[in-house]
Amino acid sequence: MTDLPKFSEPPRAGLDEIDRQIIALLHENARIPNVDLAREVGVSPSTCLARVRSLRERGVITRYTAEINPAALGFTLQALVSVRIRPGARHLMEQISDELRREPEVAQLFFLGGSEDFLIHVRVRDSEHVRQFVLKNLSANPAVALTETNLVFEHHTADSAGLRAVL
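Residues numbered from 1 in each chain as written. Predicted model: local features only at pLDDT ≥ 70, side-chain atom pairs only at ≥ 80, totals over all residues. Heavy atoms only, no water.

Looking at this structure, how should I read the packing of helix α2 (residues 34-41) against helix α3 (residues 45-57)?
The geometry of a pair of packed helices is captured by two quantities: the angle between their axes and the separation between those axes. As a packed pair, α2 and α3 sit with axes 8 Å apart at the nearest point and diverge in direction by 100°. On the basis of the axis angle, α2 is roughly perpendicular to α3. Contacts between α2 and α3 pair N34, V35, L37 and A38 from the former with P45, C48, L49 and V52 from the latter. (Axes fitted to C-alpha atoms, helices over the stretch in contact; angles between N-to-C directions. Helix = DSSP H or I, 4+ residues; strand = E, 2+ residues; numbered from the N terminus. Parallel < 35°, antiparallel > 145°, perpendicular 65-115°, else oblique. Contact = heavy atoms within 4.5 Å.)

Shown next, in the form of structure tokens:
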């Protein structure tokens, strides 16, 4: 019996324990005041601010965002639409991706390696809205060979346990 390969921990971009604590706290609440963040990690506010600035400059923190409830905006249905591009149209994938990302219904767009080329997470008002999205943006495109739409009954944002495990 052969030994399984050992996988090393992912690189931590020169992060120390305080950096990891800052990242974890900001991940939970990006609006935490600097003075509260500093108190939580046990450093002065000026040190904390410098560390957050350094994390941004090193590309560890890339943006701050608010999580919006789509239903509160009238988007009561979510769907995942898988897309396969015709073999002769593969050169158009970047263009198709750019066009899809501009559509207001698109919450996320994944470029895949596998049997499908794209997976599109859409937020829409109702089933007619998702139907119109697919017809207008995918079925009418001659480069698209196949689409498959799956309705989302429940959506949960991951708690990023894997991320916290390396912090």
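Just to check I follow, could you spell out the nonpolar core for this structure?
Proteins that are soluble and globular tend to have nonpolar side chains buried together. Within the largest apolar cluster, 20 residues are counted, with the highest numbers of intra-cluster contacts made by V83, I85, I120, V122, F133 and L138. Elements supplying a minimum of two residues to this core: β1 (77-85), α4 (93-101), β3 (118-124) and α5 (127-139). Considering every element that reaches this core, the biggest residue donor is β1, with five residues. Residue contacts for V83: discarding those within four places in its chain leaves E116, D117, F118, I120, L138, V144, L146 and T147. The next biggest cluster of nonpolar side chains, apart from the first, holds 13 residues, and it includes L15, I23, V43 and C48. (Core = buried A, V, L, I, M, F, W, Y, C linked by side-chain atoms within 4.5 Å. Buried < 20%, exposed > 50% of the residue type's maximum accessible area, 1.4 Å probe, protein only.)

Hey, could you run me through the pattern of salt bridges in this one?
Close approach of charged atoms allows side chains of opposite charge to pair. A full pass over the atoms with the stated rule returns 10 salt bridges. Ionic pairing is found between R51 and D16, a salt bridge with its closest N-O pair at 2.9 Å. Taken together, the residues span a long stretch of sequence, with R51 in helix α3 and D16 in the segment before α1 (17-28) at a distance of 35 residues. The exposure class assigned to D16 is partly exposed, which follows from its relative accessible area of 31%. With a closest N to O distance of 3.5 Å, R58 and D19 form a salt bridge. A residue pair is termed long-range when its members are at least 10 positions apart, and R58 in the loop between α3 and β1 and D19 in helix α1 qualify at 39 residues. (Salt bridge = Lys/Arg side-chain N within 4 Å of Asp/Glu carboxyl O.)

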